[in-house]
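Architecture and fold: a report
Each chain is listed here by its residues.
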Amino acid sequence: MEIKVSSFGQIAEITGKEFMVKAADLDSLKLYLIQKFPELSDRKFAFAVNKKLVQENIILNQNDVVALMPPYSGG
């Protein structure tokens, strides 16, 4: 199933801002991203699916939008 991936900050500098990819769940998406962009293997980032932060593996659906969020600090 094809999903849209949007990246922000330092992550976007590595992957580009937006692209489409086929992935069944977040674990397979993360594996794909690290294989395609090896620089991500030593970077921390979070996933947001349809604008909601997600910390566990979830099944992705057609037309989901996954955002790759770099670490952020409060201020």
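For the structure, check the block above.
Below is a summary of the structure that appears in this document. Counting starts from 1 at the beginning of each chain's written sequence and moves along it residue by residue. For a predicted model such as this one, the threshold for reporting local features is a pLDDT of at least 70, and the threshold for listing and counting side-chain atom pairs is 80 or more; totals across whole chains, interfaces and linings nevertheless cover every residue. Here the side-chain values reflect all heavy atoms present in the structure, with hydrogen atoms and water set aside.

**Here's the deal with the nonpolar core**
This is how it is decided: To qualify as a nonpolar core, a set must consist of buried Ala, Val, Leu, Ile, Met, Phe, Trp, Tyr and Cys residues joined through side-chain atoms within 4.5 Å. Only protein chains enter the calculation, and the probe is 1.4 Å; a residue is then buried if its accessible area is under 20% of its type maximum, exposed if over 50%, and partly exposed in between. In DSSP terms, a helix is any run of H or I states spanning at least four residues, a strand is any run of E spanning at least two, and both are numbered starting from the N terminus.
Counting 19 residues, the largest nonpolar core has L29 and V66 as the members making the most contacts within it. Those elements giving two or more residues to this core turn out to be β1 (2-7), α1 (9-15), β2 (18-22), α2 (26-36), β3 (46-49) and β5 (65-69). Looking at which element gives the most residues to this core, the answer is α2, with three residues.

**Things to note about the environment of Y72**
For Y72, the position within the fold is in the segment after β5. Note on Y72: relative accessible area 68%, which makes it exposed. The spatial distance from the C-alpha of Y72 to the C-alpha of M20 is 25 Å, given a sequence separation of 52 residues.

**Structural notes on the pairing of β2**
Stated formally: For two strands to be treated as a pair, DSSP must find at least two bridges joining them.
Because side chains alternate across β2, one face comprises the buried residues F19 and V21, and the other comprises E18, M20 and K22, none of which is buried. As judged from the five bridges shared by β1 and β2, these two strands associate in the antiparallel manner. Residue pairing across strands places E2 opposite K22, the latter belonging to β2.

**Some thoughts on the side chain of D64**
Heads up, the rule is: This count recognises Lys and Arg as positive and Asp and Glu as negative, with His and chain-terminal groups excluded. Within this document, salt bridges are pairs made up of a side-chain nitrogen of Lys or Arg and a carboxyl oxygen of Asp or Glu, the two lying within 4 Å of each other. For the purposes of these results, a polar contact is taken to be a pair of N or O atoms within 3.5 Å, where, inside protein, one atom must be able to donate a hydrogen and its partner to accept one; residues adjacent in sequence count only when each atom of the pair is a side-chain atom. Should any heavy atoms of two residues lie within 4.5 Å, those residues are counted as being in contact.
Along the chain, D64 falls in the loop between β4 (52-54) and β5. Buried charged residue D64 carries no salt bridge. Nearest counter-charge: K52, at 11 Å. A polar side-chain atom of D64 sits 2.7 Å from the main-chain amide nitrogen of N61. When residues no more than four places from it in sequence are discounted, the contact partners of D64 are I3, K4, V49, N50 and I59.

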